[in-house]
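Notes for the structure review
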Amino acid sequence: MNGTADRQRSFSLSRFLDYFIPAEIQVRPEAHLRARMFMLSHVFGPILGNTLPLYMVVMNICRDNRVTVFFFSILLFWAYPFVLRKTGRYQLLAFLSVQNLIFCVLWACYAFGGTQSPFLPWILIFPLLAFLYLPPVGWVRNVLLAQIFGSVAAFLTLDATGYPFPHIDLDGMQTIGMISMGSVALYFAMMSLYFAKMFQEQREFTREINSLVSTSDNLRNLTTAANQASAAKADFVAGMSHELRTPLNAIIGYSQMLLEEAHEEENDEMAKDLGYVHKAGSDLLRLIDDILDYSRIEAGKMPLNPARDCITKNLEAWVAKVEPLVKAPRSVSIREYQPGENWLLTDWSAAESTFRHLLAGIAGYHNDGTVEVEVIHVNGALLMNIHDVGPAGEARAVPVSQEMFEHDGDASSSKYGGTGIELALALKFAAMLKGSIEAIVTTDGRPATQLILPDLSNQLKKAA
Amino acid sequence: MKTILIVEDNEMNRDMLTRRLERKGYAVVSAVDGPQGIELAASAMPDIVLMDVALGEMDGWEATTAIHANPATAHIPVIALTAHALESDRQKSIEVGCVDFETKPIALPQLLEKIEQHTQH
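Cut-offs and rules
Residues numbered from 1 in each chain as written. Chains lettered and ligands numbered in written order. Predicted model: local features only at pLDDT ≥ 70, side-chain atom pairs only at ≥ 80, totals over all residues. Helix = DSSP H or I, 4+ residues; strand = E, 2+ residues; numbered from the N terminus. Buried ≥ 20, exposed ≤ 12 C-beta atoms within 10 Å, placed from the backbone. Contact = placed C-beta atoms within 7 Å. Axes fitted to C-alpha atoms, helices over the stretch in contact; angles between N-to-C directions. Parallel < 35°, antiparallel > 145°, perpendicular 65-115°, else oblique. Left-handed = near helix turned anticlockwise from the far one by under 90°. Nonpolar A, V, L, I, M, F, W, Y, C, P; charged D, E, K, R; others polar. Core = buried A, V, L, I, M, F, W, Y, C linked by C-beta atoms within 7 Å. Expected span 1.5 Å × (residues − 1). Arc of directions from axis to C-beta. pLDDT = per-residue confidence, 0-100.

So, the overall build of chain B
Looking only at helices and strands, one finds five helices and five strands in chain B. Shown N-terminal to C-terminal, the secondary structure of chain B runs as helices and strands in the order β-α-β-α-β-α-β-α-β-α. Scored against the burial criterion, the 121 residues of chain B give a buried share of 37%. For chain B, contacts bridging at least 24 residues in sequence account for 58% of all contacts bridging at least 6.

Given below as structure tokens:
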């Protein structure tokens, strides 16, 4: 619990400090850490520092301009966060801040006792701040360190050569010496603790980033492997399809030729048997084509060839192809409503495949009744509501959803009476055309399967 | 009687298509690969060529290009026969100068219609 509370406090403090730090610094972890140390020092440093001039005034140790200069030179540190937020000039401000501190401390030492001054220990924080504020490389920090040592050396030289420092009663400064030492210690402790905490947080953050990068690499590798496997599967299926088609072409062709001969010779029994062979071959060929299409779509090897064309004209061609697929006594009826445009930009070959597979799947789900298709032209899309109507006129629902195949793919054929591959293909083709197939209930309360094929104009514009 | 040249490497498909076309009253000559097809096109001067696309070393598109490169056979229309109904195959066939494109298994009434359409003089 304490740990959580600490983290929350630390987070709030960090958030407060970040308010003054420009975004371009916050995105660089090391620069962000230095800027936070700068902020911490400038927000809390003046509170600690000004206890000294205030104590001197309250205790009547000194109330002249020396204290005023001391007080305001410390108070000036509070301006830096606002200037940083306004200008974003971090390096310049860090440099000026150390100058400000050198002036503050050396002024206090000069004005209140020279080398005997109780403020002399503050000299120790010059290099500390130079290290914390500025990066380890670069000329600015080297110049600053040279300047710090130069200033301190000049001060000590002045003192050693007997320069007349202003008089102060050192006896009255004993208590302030203790306060000064306490403030320095507290300042050191505050800066060190915060630095350690930030350093730890940064390490954890870096570790987390590395872990995420590693996970991302693994996912990328897995995706690449999956895509390669999918492409390899598509190539295998395409190769197998070709090998299966060649003998199948001969079976279909020879059976058709013999069928023609049997009809000519009026050998009905032979014609009937040959008809079965021909039909079985044709069904098998269609199944191979379906599997090949499914595999191609999955592997992204079926490119779109969109064209703007007339809906009614295409529908007529589609119906002619679908009708032979519907087994008697089932039948298909189509009604077309045209409140919208009769032209659509889509891949008409893929759209026909969507329609054909969907109709074949729905028609194969029951053995009786009719399949009613309502085609509605909507501006920007082609919409179809397909109703499965029983022999007594009752509307029946056909379960169509991607999950049906994802969760139950192996069983789809046995469970859905051979309609599984047809419906799965219809869903694949519809998705390829940015469309959808869903089970719905129409406004008259009847269950239906709704197919929506959108105009691809906007999709193509986005892709371009 | 119109003469049709079938270029097809699969023996069963070649035999089956030959017999079906002969039954419809055409004279049929056949070749088993691209080079033989080019040679027969020049010697038999058929009215039309039915060219399988997947022929092995020299594919049907190369053979079609060679037939059309010869001034003596350049006028002979070629119908490409492929195993897949791919848009890319159809485009490639048109690019190399085929007058039409038919997928296997052959729907004979449709093929006969195309043969008649492209052999009208």
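What about the packing of helix α10 (residues 174–264) of chain A against helix α11 (residues 268–298) of chain A?
All names here are of chain A. Where α10 meets α11, the axes come as close as 8 Å, and the angle between the chain directions of the two elements is 160°. Overall, the two elements α10 and α11 adopt an arrangement that is roughly antiparallel. α11 is crossed by α10, and the crossing has left-handed handedness. Residue composition of the contact of α10 with α11, grouped by class: 19 nonpolar, 10 polar and four charged.

Some words on the nonpolar core
All names here are of chain A. Val-98, Val-105, Ala-108, Cys-109 and Tyr-133 are the most contacted members of the largest nonpolar core, which totals 44 residues. Of all the secondary structure elements, the ones that give two or more residues to this core are α3 (29–49), α4 (51–58), α5 (65–75), α6 (79–87), α7 (90–111), α8 (125–133), α9 (139–160) and α10. It is α7 that contributes the most residues to this core, 12 residues altogether. For Tyr-133, the residues in contact, after removing those within four places along its chain, are Arg-34, Met-37, Phe-38 and Ala-94. Core analysis: the next-biggest nonpolar cluster, separate from the first, contains 37 residues, Val-322, Ala-350, Val-373 and Leu-425 among them.

Some words on the interface of chain A and chain B
Taken together, the contact pairs 12 residues of chain A with 13 residues of chain B. Sort the elements by how many residues they give to the side of chain A that touches chain B and α10 of chain A lands first, with 10 residues.

Considering helix α12 (residues 311–322) of chain A
All names here are of chain A. Here α12 spans 16 Å end to end across 12 residues, near enough to the 16 Å set by a 1.5 Å rise per residue. The set of residues buried in α12 consists of Ile-311, Trp-318 and Val-322. One side of α12 holds all its buried residues, which, seen down the axis, span an arc of 35°. Residues of α12 that are exposed and point more than 90 degrees away from the buried face comprise Thr-312, Lys-313, Glu-316, Ala-317 and Ala-320. Each element contacted by the buried residues of α12 is listed here: β1 (307–310), β2 (331–337), β3 (343–346), α13 (348–363), β4 (370–378) and β5 (381–389).

Focus on the confidence of the model for chain A
For chain A, mean pLDDT is 83; residues scoring 70 or higher make up 92% of the total. Predicted confidence is poor over residues 406–417 of chain A, with pLDDT under 50, and the contacts of this stretch with residues over four places away or in other chains come to 11 contacts.

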